Structures are given as C-alpha cells and as structure tokens.
Number of protein chains: 2
Amino acid sequence: MRVLILGGDGYLGWPTALRFSARGHEVTVVDNFVRRRWVEGVGSDSLTPIRTLEERIEAWHANPAGNEIRSFIGSVEDGEFLDGVVAEARPEVVVHYGQQASAPYSMASREQAVETQHGNVIGNLNLLFSIRDHVPECHLVKLGTMGEYGQPNIEIEEGYIEIEHKGRRDTLPYPKLPASLYHCSKVHDSTNIHFACRTWGLRATDLNQGVVYGIETEETAGDERLITRFDYDEVFGTVLNRFCLQAVIGHPLTVYGSGGQTRGFLNIRDTLQCVELAALNPAEAGEFRVFNQFTEQFSVIELARLVKQAGEHLGYSVEIRHYDNPRVEKEEHYYNAVHTKLLDLGLRPTLLGEELVESMIHAIERHKERAIESSIDPRTRWAPGTPVHL
Amino acid sequence: MRVLILGGDGYLGWPTALRFSARGHEVTVVDNFVRRRWVEGVGSDSLTPIRTLEERIEAWHANPAGNEIRSFIGSVEDGEFLDGVVAEARPEVVVHYGQQASAPYSMASREQAVETQHGNVIGNLNLLFSIRDHVPECHLVKLGTMGEYGQPNIEIEEGYIEIEHKGRRDTLPYPKLPASLYHCSKVHDSTNIHFACRTWGLRATDLNQGVVYGIETEETAGDERLITRFDYDEVFGTVLNRFCLQAVIGHPLTVYGSGGQTRGFLNIRDTLQCVELAALNPAEAGEFRVFNQFTEQFSVIELARLVKQAGEHLGYSVEIRHYDNPRVEKEEHYYNAVHTKLLDLGLRPTLLGEELVESMIHAIERHKERAIESSIDPRTRWAPGTPVHL
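Residues numbered from 1 in each chain as written. Chains lettered and ligands numbered in written order. Predicted model: local features only at pLDDT ≥ 70, side-chain atom pairs only at ≥ 80, totals over all residues. Heavy atoms only, no water.

### Brief notes about the packing of aromatic side chains
How we decide: In this analysis, rings of Phe, Tyr and Trp, with Trp reduced to its six-membered ring, are considered paired at centre separations within 6.5 Å, and the interplanar angle assigns stacked below 30 degrees, edge-to-face beyond 60, and tilted for intermediate values. For the purposes of this entry, the term helix denotes a DSSP run of H or I that reaches at least four residues, the term strand denotes a run of E that reaches at least two, and both are numbered from the N terminus. Criterion for a charge above a ring: Arg CZ or Lys NZ at most 6 Å from the ring centre, at most 35 degrees from the ring normal.
By the definition in use, this model includes ten aromatic pairs over all chains. On the basis of an interplanar angle of 40° and a centroid distance of 5.7 Å, the ring pair of Tyr-105 of chain A and Phe-236 of chain A is categorised as tilted. Pair noted here: Tyr-105 of chain A is in helix α5 (residues 103-107) and Phe-236 of chain A is in the loop between β9 (211-213) and α8 (239-249), with a separation of 131 residues, a long-range link. In this structure an aromatic cluster arises from ring pairing among Trp-38, Tyr-105 and Phe-236 of chain A. Here Arg-168 of chain A stacks its cationic end above the ring of Tyr-334 of chain B, 3.5 Å away from the centre of that ring. Geometry around Trp-200 of chain B places Arg-132 of chain B over its ring, the cationic atom sitting 4.6 Å from the centre.

### Quick look at the sheet that holds strand β5 (residues 139-145) of chain B
Residue and element names in this part refer to chain B. To keep it simple, the criterion reads: Strands were regarded as paired on the criterion that DSSP finds at least two bridges between them. Helix axes use the C-alpha atoms of the stretch in contact, all axes being lines fitted to C-alpha atoms, and the angles between their N-to-C directions lie in the range 0 to 180 degrees.
The sheet built from seven strands is open, its strands ordered β3-β2-β1-β4-β5-β8-β12 with parallel pairing. Lying at the two open borders of the sheet, with one neighbouring strand each, are β3 (69-73) and β12 (288-293). Across the sheet, the mean angle from the axis of one strand to that of its neighbour is 20°, orientation sign disregarded. As paired elements, strand β4 (residues 93-96) and β5 share four bridges and run parallel to each other. Across the sheet, His-96 pairs through a bridge with Lys-142, a residue of β5.

### Some words on the interface of chain A and chain B
Test applied: Contacts between residues were defined by any pair of non-hydrogen atoms, one from each residue, lying within 4.5 Å. The quantity reported as buried area is the accessible area (1.4 Å probe) lost by two parts once they are put together, taken as the sum for both. For this analysis, a salt bridge means a side-chain nitrogen from Lys or Arg found within 4 Å of a carboxyl oxygen belonging to Asp or Glu. Two N or O atoms count as a polar contact when they lie within 3.5 Å, although within protein this holds only if one can serve as hydrogen donor and the other as acceptor, and sequence-adjacent residues are included solely when both atoms are side-chain atoms. Classification convention: Asp, Glu, Lys, Arg as charged; Ala, Val, Leu, Ile, Met, Phe, Trp, Tyr, Cys, Pro as nonpolar; all other residues, Gly among them, as polar.
Contacts between the two partners involve 53 residues from chain A, matched on the other side by 53 residues from chain B. Across the chain A to chain B interface the summed buried area is about 4,900 Å²; carbon plus sulfur atoms make up 67%. Between the two partners, chain A and chain B, sit six salt bridges. When the shortest N-O distance is used, the salt bridge between Lys-166 of chain B and Glu-157 of chain A registers 2.7 Å. Here chain A and chain B share 21 residue pairs in polar contact (both at pLDDT 80 or more) between them. Mapped by element, the contributors of at least two residues to the side of chain A that touches chain B are α4 (79-89), α6 (110-134), β6 (160-165), β7 (168-173) and α7 (181-200) of chain A. A total of twelve residues in the side of chain A that touches chain B trace back to one element, the largest contributor, which is α6 of chain A. In terms of residue class, the side of chain A that touches chain B is made up of 28 nonpolar, 13 polar and twelve charged.

### A look at the relation of the copies chain A and chain B
Selection rule: When the copies are superposed, the least-squares fit draws on C-alpha atoms of residues that have pLDDT of at least 70 in both.
Overlay of chain A on chain B (RMSD 0.0 Å): rotation 180°, translation along the axis 0.0 Å. Here the copies are linked by what is in effect a two-fold axis. Taken as a fraction of all interface residues of chain A, those also at the interface in chain B reach 100%, which identifies the copy contact as same-surface.

Here you go:
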C-alpha cells in the first residue's frame, strides 16, 4: 500500500512511518520541522535526543526491518507544494498528523491562535482538494481529538448521534464543545472533511484521539537513532508524560485545579495499532467515519496518584501539587465516551498500570540530564487577567 | 451607541450603517472594497450604479437624516489594522458583515476556497481577540447563515437543541450540515465565537440569516447616490434577486434542478430591523445567542412561479427553465426551521407577495441597461467532472 504520512517527523508521525514501513508498505513522509522550532521557541526541547529526519531515515534503512522511506520537506499550508507531493506519491492512504497540536500554544496570543487555525484548517483544506484532484479513491486518515467533544452531560458517541425531536428522527454530527482554539481548529477540519465526503465522494476516517502517553514503540525501541520525540513542557507535553518526567527530576506533579478533569487516554503503541487498523479497513467512498481513539478514561488526579505510587516504588520522592488552573475548564463533570469501533476492528489495548509507568520512568531516566525544568510550570492562561499563583 | 460595521460598503452593510446613523448612533464603517473586485472578477457588476464609499458618505452627510459616518479602509484579515480600529472606535456593538458571502465563489477552485475560509475564519478570529483585549463588554452581532444547518430530517432550532440520550439530558449546539465551503466557514466562525463567549465571557449574537432579497431600504430610497449594490450573477446574486432581473431582461428564470429546494427568506428591510433589534437587546456577558433570521420559507420553484406571475402582469414574457443542478444538494427534502426569537423581540415581517415582486421589478427597470447577461447562467459546479448542460 502507498502510504503518505503528513507530519512524519513528529512524536506520532515518525513511529507511524516506521510501523507501515516495517509491514512492507511504500511510505512517503512530509514535514517542515516546525514542531521542532515551536518547542525550542517556548524554551524547551525534546527530552529524547532525536536525530534529523535524514539521519533517522538512513538508520532505518540499515535496520533489518527497514524499507525505503521517501521524504518531502515543506508545509501542508503551501497548496502548490502539497499538490505536487500528492500527485507524485499517488497515495492509497494519507495519514494526516501535520498540524499544530498544542492547546496552550493556540491560547497564548492572537498570533499563535491565527497560526494554529490557519495552518490546521488551510493545510487540511489543501489536502482535501489534492485528494479530490489526483487520488479521489485515496482514504484520508485524519487525526482528530476527543477534545472536540468537550464535556457534554450526555454520553459521547463516535462522531454521530441519533436524535429524536418533535416526532422526527435523524442521525447527525455529534455536537461539539471544543476546549481551546486548537480544539476548535480540529472541529473545523471535521466539518470540512465531512463536507468533502458528502459532496465529492471522498472517503475519510477521523480518529478522535485521546491523550497519548509513552515513548517507545516496537520499531523505535532497539536503536537510539530511531527514538521519537518526547515533550514534557507546559505547552507541548501531555499530562502523563509530564508527570513521569516530573517524578524523575523531583519536580512536583503539576495538577491543574482539583484534578477532577476526566479524559480518554491511550498508549503510543495503541495509536499505531489504531492508525494501522483504520488504514487496513478503509471507509467507503463518500463515507466520513469517526472513531473515538482511546482505551481508558482517567481523571488527572488518578494519574498523578498512579505516578506517585510508581515513582515511590522506584525510590523517588514524589509530591502532588495543585496549581491554580490556568485553563478555563470544568474540574468536576460527567464524562463517558463510547469507544467500540476500533475494538470491533481488532484493537488490543495496552492498559495503563504501575508497571507501565515504571517502564516509562526507566526510559526517561536515560535522558533526564536533558530536562529543562523552567519549561514545566503552567504559564499559558486561557483567559487573560486571570491570576495564576504558582 | 457606538456602532462599528465591518463590511460597511456592502449590500447589507451600507444600508445598515445608514439605519444606525439615521437613529442617531455613532457609526464607524470598515471595508476594503474586495466585494466590488470579486464581482468584477467574475465578469459582472452591481446592477445599481453604486458610488464610492467616500461619495456615499458625503451624500449621507447632506441628507436631512444624516449624521457623520467615519470610515477605515482595510481588511479584517489584517489583525494589526483591525485591532487599531477597535481600539480607536471603542464600539459598544460590532456588526460583522465583512466576509466572503458567496457559496459558488467558495466552490470554484482551491484558491477561492482557501481565500474564503482564510478571510472569514481569520478575520472573525482577529475580531474576537480585539474585542477581548479592548472592549470586552462590546456586543458582537455576527452574520451567520441558515445554510449552516443544511437540511436535517428534524426541525431546525435556533442554535441549540435539547437532547435526551440514554437517560441523560443536555442542551448542545445544534448539529450542522453546511452546504458549501463558504457555509463551512460560517460554521467555523460559530464554533470560534461560542468558544470565546464560554472562555472569555464575551457577548455575541449569531444571526443565522436566510436568503435576502430586495433593493431599497427606508434610508437609501430617496437619493440615488445612497443606493446599495444589487447582484444578479450566478456567483454573487441570490435567487429571488436573480429571478427578478431575469424577468426584466427576458432571460429564462434559472431554476437549478427540480426547484424543490426549500429555504428561509427575508426582505432586506427586515435584515435591518433584525440587526437593530439584536443590537438594542444585547446578549448577556458570556452568552452566545443564535437567532434564525428569516421571515418565510419558500421553495425555489414557488419563487419562480411568483416572479413569472408578477412579471406577466407587468407585460413581460417570463419562461421558467430547469437547469441541470450545478450544486450537490437535495432537491426534495423536509425543511422546517424555528424562527421566533426575533419575532419575540418585536420584528414585524415584510411579507413577500406579487406586489412586492412588482416593486422590485420596477426598481430593476431603472437600471436594466446595466445588466450583463453573460454572468447569469450557472457555471460554478460543486463537484468537478459533473456535466452541466445549459
């Protein structure tokens, strides 16, 4: 299968490229390395010493499982560039990770909000036209987020909900309450993709992903040169990854508010499983399919307690500290999200437990001297004028 | 009241500016005249010979009802410019018409789709930041469209719907099935504005407007120099305006497909009433309010028959012709949309009938020699490769 991976230098994009390549698919990656620059721009860096894309690809070729990976350097926002890549690579599946994926980044200023919405929405819109014009049978696998739904007081379904209203009935897009301007951009993408499927007959799967944690995947584990990036700062780090790093370097676990915020989570290894399952089982022509891509629900405080327990078993002294919440969000709420479609396709979840956290801590220990502690405490506020007491 | 009108040189923006000015409000308008250029770019022109903004404003000052109107020339996409305008004008209400408003324009090419979504979404996002940072108490009156909802098989509510699901209940944003990439951009705007209200406590009213028809308003009727633009081409003309012009110049009425497409409609005079009612009755801080702004529902074929009847009473020979539908849309569908909130605020509808159509025909007759017939037949197709037989 010809697989095009947009954002193929990223935390998930790179391991995804290796996974498809290891399975014998023809992989092409696109990236412009802006994520590397953004993270440096907020005063942080990947904990893992990631190689350049060129070095990574070379190392992969030398690997027994490795096949050729082609790369194109450029931005999905550049419609001409992307159109040329799609026309040349003629993908049967496009996996689209090539977006600004941090909620705090999108909330820091007007400029960053505009950068996020412009880059994500226009990049994705460019892609829809390129698929329509060059490879209309291609299956678009788009990374969405569970954060598109927000925290409604009813069960979250997978993309659609059947509504009975005043004696009539229809199945309609599930209403969205996105949690940041980044999350809004993903809602916009879903709206555009759904329209393209209805109107142009494109086929797409929106993977509304939960919060990802973990470092290693099957393909990256054996060779340090193949390791993927690992962010732990307040802007680009996700919560469980942040907590594990904090436990190792002796920084208090940064719980925002009460920590009652409940979300869906999944291991990075399961992200690869899910994307592969979606690709191997494509949507029908004209179908816009939505999968809720996570394996377990946790509250933030539950995760903090789990990391504290695992850290203490390994001899670390771990403090849980409640920070004034820099975000505008509910801290106690109903949350129950359906996530059966990927299980039906064969997903075998990697469940989170103390042992898994301990293995993450061990992986972090190898690079702990690279941690930049000043990037950890929450600074990005959702609403200006709200005091944050550290 | 200090009123800032974005898109104040347009079909609705200009008469709205006059209405607020005639009522004694302090009016500032912003425009970059791109609508004039777009219409020329598709080979058409306003049927009415509209004056430059400068000339219009001068003529208005000379009018007995006239007060000073300030103007700023620039684009809402330019965040620095818009921020400066908002900081200086310090509006108590912003009426935001400053967007690309044609569905066919947005569907003609990737470039035009990107131009539409970039301009509309980023312009509106810039505005939200400027309001937040300079005039957080200001009421945003945003023009949305009934086309955001599409044609669901259940009754369309005003912005929100109460859903009972698996024994729980919530009131959530009404699901959207937008009809073009332009309509998608308006859904994106609604999502962003709702987020800004929830997160920053802004107050906003989204006016989901139906299809507007008509030429004259109370303030523009007496002085040719104050007349507003009138578009009838296949890209920027709306259906009833197009039909009236077609009747006058002897072109067949261009019904797309069966003409069973049902939509909400309103007179341009009622647009002004609605915007004024919204402005005089602002949303609460943190409230994102949605009004369905139309007065009557019609199918396209009903309107064609009405125009044929009125035209023939005035001595014109009017042919109704069914064209292969250039759009991807349902031609026969359930359609029933609630529209009581503006009536509750005091809207007195101007109802459509033969007499009103005859008055539109008379207004068109005065400028019929300006009509460019080659711009009328449908050329812009929703899906490439779909043959359109004219």
